[in-house]
Amino acid sequence: MIEARRLHILRAVADHRTVTAAAAALYLTPSAVSQQLTALEQETGHRLVERSAKGVRLTPAGEILLGHTNAVLAQLERAEAELAAYSSGAAGTVTVAAFATGIAEVVAPAVARLAESAPGIRIRVQDAEGDASLPMVLDRQVDVAVAVEYRGAPPADDPRLTHVPLYAEPFDAVVPVTHRLADANEVPLAELAKDVWIGPYPGNPCHDVVVLACESAGFQPLLEHSSDDFRAVVALASADAGVALVPRSALRGMDLTGVVVHPVDGVAPTRRVFAAVRRGAENHPLIRPVLDALGEAARA
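Computed from a prediction, not measured in an experiment: that's the story for all the values here.

Colleague: Please set out the overall build of the chain residue by residue, giving values where relevant.
Modeller: Looking only at helices and strands, the chain has 9 helices and 11 strands in total. For the chain, the spread of C-alpha atoms along the three principal axes comes to 70 × 50 × 30 Å. The proportion of buried residues among the 300 residues of the chain is 48%. Within the chain, residue pairs in contact and separated by at least 24 positions form 74% of the contacts whose partners lie at least 6 positions apart.

Colleague: Requested: an account of the layout of surface pockets, with residues and values cited.
Modeller: One number sums up the size of the largest pocket: a volume of about 410 Å³. The wall of the largest pocket is formed by 19 residues, among which Ala14, Asp15, His16, Arg17 and Arg160 lie closest to the centre. Here the lining of the largest pocket gets 4 residues from one element, more than from any other, and that element is helix 1 (residues 4–16). The class makeup of the residues in the lining of the largest pocket is 11 nonpolar, 3 polar and 5 charged.

Colleague: Describe empty space enclosed by the protein, with residues and values.
Modeller: Per the counting criterion, the structure on display carries 1 cavity of 30 Å³ or more. In this structure, the largest cavity encloses a volume near 30 Å³. Val96, Val107, Ala110, Val111, Leu114, Ile123, Val290 and Leu294 are the residues that line the largest cavity. Elements that contribute at least two residues to the lining of the largest cavity include exactly helix 5 (100–117) and helix 9 (287–299). Here the lining of the largest cavity gets 4 residues from one element, more than from any other, and that element is helix 5.

Calculation criteria
Residues numbered from 1 in each chain as written. Predicted model: local features only at pLDDT ≥ 70, side-chain atom pairs only at ≥ 80, totals over all residues. Heavy atoms only, no water. Helix = DSSP H or I, 4+ residues; strand = E, 2+ residues; numbered from the N terminus. Buried < 20%, exposed > 50% of the residue type's maximum accessible area, 1.4 Å probe, protein only. Contact = heavy atoms within 4.5 Å. 1 Å grid on protein atoms, 1.4 Å probe; cavity = no way out; pocket = protein on both sides within 12 Å on 5 of 7 lines; lining within 4 Å. Points joined across faces, edges and corners; volume = space filled by probe spheres on them. Nonpolar A, V, L, I, M, F, W, Y, C, P; charged D, E, K, R; others polar.

Structure (structure tokens):
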């Protein structure tokens with residue numbers, strides 16, 4: 001009989017593509033992961049992984065088992081949710097990973113709502129960008145991720161995750177007060193093709209939004225300055241170091257001395273924010289109120 005915990009290890013290896021990375025995510029030793037994979041191969045009677053200098057990949061038999069793994073683990077999440085509901089255990093801790101603006105926009109308001117509507121639920125918040133928070137959910141390091149759509153992100157129909165759309169917001173152009181387009185009503189991105197740019201590091205979902213928007217306008221941005229902190233981005237723009245695209249909510253309450261903020265001409269680049277949980281866990285009596293509170297905060 002196949003043990004479910006070994007299926008979880010198989011999925012972690014498939015996600016992380018090396019035994020070492022999977023072991024780190026699961027808080028196991030690489031030798032323990034290798035032993036569990038070997039035991040799983042013995043249970044199934046098939047070779048499931050192939051190792052090489054570049055890492056680990058699943059064999060065709062491993063891919064077949066991975067498809068069933070996603071369904072089995074989702075069903076186990078549903079079983080846990082129903083058992084928790086049966087025992088009416090609406091008291092406990094839910095860990096939420098979210099990027100900084102998402103914490104300010106929806107997570108903090110959701111925490112305040114839950115303090116009144118579900119005082120038995122304690123929220124633990126971790127600051128993490130979307131490209132980090134989704135793997136944290138899959139590796140059971142956190143329960144909920146508030147993330148941003150980005151190139152290479154798991155799609156909405158990923159069998160491992162349930163997505164809950166929260167909100168979408170445009171990026172605005174931030175230019176120094178001395179910039180030639182400072183007095184424009186709207187900024188055509190193509191007009192910034194030869195400017196120096198300030199933006200998030202590669203890997204940050206907002207980096208993808210900026211680069212894709214510029215590519216759609218016909219150019220590659222000259223990103224000379226990098227920071228994942230939008231306050232630092234705006235500060236550099238105010239020092240005449242370059243131009244930037246910044247999510248509108250990130251500009252609220254910020255010192256905008258030295259810069260002007262304009263909408264983008266045409267179709268504005270957009271940050272689409274969603275919550276994600278492991279598939280099957282969305283109706284857990286601790287997690288469902290959190291998702292509902294995040295949705296209410298986003299609508300407000």
